[in-house]
Amino acid sequence: FLSFVTSNLSFLLVCFAHPCPADYISWYENCYKLVEEPATWDEAQTACEEQGGNLASIDMSYDQAFVAGVVLQGKADAWIGLRRKDGSYTWTDGWPVFFTQWGPGEPSNIKDEGCVSMHASIWFHGTWNDTKCDQAKSYICKISSGKTKQC
Ligand SMILES: [Ca+2]
């Protein structure tokens, strides 16, 4: 019985102390991770779902600054969870599209360019571009706290 209590106690302590999975970065209520292994937008969304999350939604300007600056760090253009369907954009996690950070001239809304990536280049400051979904890119997963698998 004592070992049962002890093991469950340590489980709880781990969850309170580290609300995000090990390789995720904690930011307010959410956990973010840059995956540098290139994938198509669909593959990336599936991979994020398998970890209990979605491709990252960007809900507000300070989330944008954090994701562009701390998570992406100018490493490579990366998919986020925004996609155009039937002419309008939706986040894969169902969050309403209140905030956007399109780059100059974006979204270009060219046919077949319905998936959105964040620019890594410092010249674009993490702004967004709608581009072809079947391109292989790095991607950013997001898990909302309380939805992590281990806790
Ligand atoms: Ca574009």
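Reference entry: report on the structure contained in this document. Values in this document were obtained by computation on a predicted structure and should not be read as measured data.

Side note on the overall build of the protein chain
Move 1: Tallying secondary structure elements over the protein chain gives three helices and eight strands in all.
Move 2: Traced from its N-terminal end to its C-terminal end, the protein chain shows the element sequence α-β-β-α-β-α-β-β-β-β-β.
Move 3: Burial analysis of the protein chain (151 residues in total) assigns 32% to the buried set.
Move 4: Counted over contacts in the protein chain with a minimum sequence separation of 6, partners at least 24 positions apart contribute 71%.

Structural notes on the environment of Pro96
Move 1: Here Pro96 lies in the loop between strand 5 (88-91) and strand 6 (115-118).
Move 2: Residues Pro96 and Ser57 lie 39 residues apart in sequence; the distance between their C-alpha atoms is 9.4 Å.

What about the pairing of strand 8 (residues 137-144)?
Move 1: Of all eight residues making up strand 8, seven are buried, and the element is well covered by its neighbours.
Move 2: Summarising the sheet, strand 3 (residues 54-55) and strand 8 pair through two bridges and their orientation is antiparallel. Residue pairing in the sheet places Asn54 in a bridge with Lys142 of strand 8.
Move 3: The pairing of strand 4 (residues 78-85) with strand 8 spans two bridges and is classified as parallel. Within strand 8, the position partnered with Ala78 by the bridge is Ser138.

Regarding helix 2 (residues 41-50)
Move 1: The set of residues buried in helix 2 consists of Trp41, Ala44, Gln45 and Cys48. Looking straight down helix 2, one finds its buried side chains confined to an arc of 100°; they lie on one side. Facing away from the buried side of helix 2 by over 90 degrees, the exposed positions are Thr46 and Glu50.
Move 2: Here the buried face of helix 2 lies against strand 2 (30-39), strand 3, strand 4, strand 6 and strand 8.
Move 3: Count one or two residues on from helix 2 and you reach Gly52, which has phi positive near 90°.

Structural notes on helix 3 (residues 61-72)
Move 1: With twelve residues, helix 3 extends 15 Å between its outermost C-alpha atoms, agreeing within 8% with the 16 Å of an ideal straight helix rising 1.5 Å per residue.
Move 2: Restricting attention to buried positions, one finds in helix 3 the residues Asp63, Gln64, Val67, Ala68, Val71 and Leu72. The buried residues of helix 3 occupy an angular sector of 125° when projected down its axis, which confines them to one face. Across from the buried face of helix 3, at angles greater than 90 degrees, the exposed residues are Ser61, Tyr62, Gly69 and Val70.
Move 3: At its buried positions, helix 3 is contacted by strand 1 (25-27), strand 2, strand 4, strand 6 and strand 8.

Considering the nonpolar core
Move 1: Core analysis: the largest hydrophobic core is formed by 28 residues, its most contacted members being Leu55, Trp79, Ile80 and Ile140.
Move 2: Excluding its chain neighbours within four sequence positions, the residues that come into contact with Ile80 are Leu55, Ala56, Ile58, Val116, Ser117, Met118 and Ile140.

Some details on the environment of Lys137
Move 1: For Lys137, the position within the fold is in strand 8.
Move 2: Considering only alpha carbons, one finds Lys137 and Asp77, 60 residues apart in sequence, at a separation of 6.6 Å.
Move 3: Beyond its immediate stretch of four places on either side in the chain, Lys137 contacts Pro38, Asp77, Ala78, Trp79 and Ser117.

Cut-off values and rules
- Residues numbered from 1 in each chain as written.
- Predicted model: local features only at pLDDT ≥ 70, side-chain atom pairs only at ≥ 80, totals over all residues.
- Helix = DSSP H or I, 4+ residues; strand = E, 2+ residues; numbered from the N terminus.
- Buried ≥ 20, exposed ≤ 12 C-beta atoms within 10 Å, placed from the backbone.
- Contact = placed C-beta atoms within 7 Å.
- Pairing = 2+ DSSP bridges.
- Arc of directions from axis to C-beta.
- Expected span 1.5 Å × (residues − 1).
- Core = buried A, V, L, I, M, F, W, Y, C linked by C-beta atoms within 7 Å.

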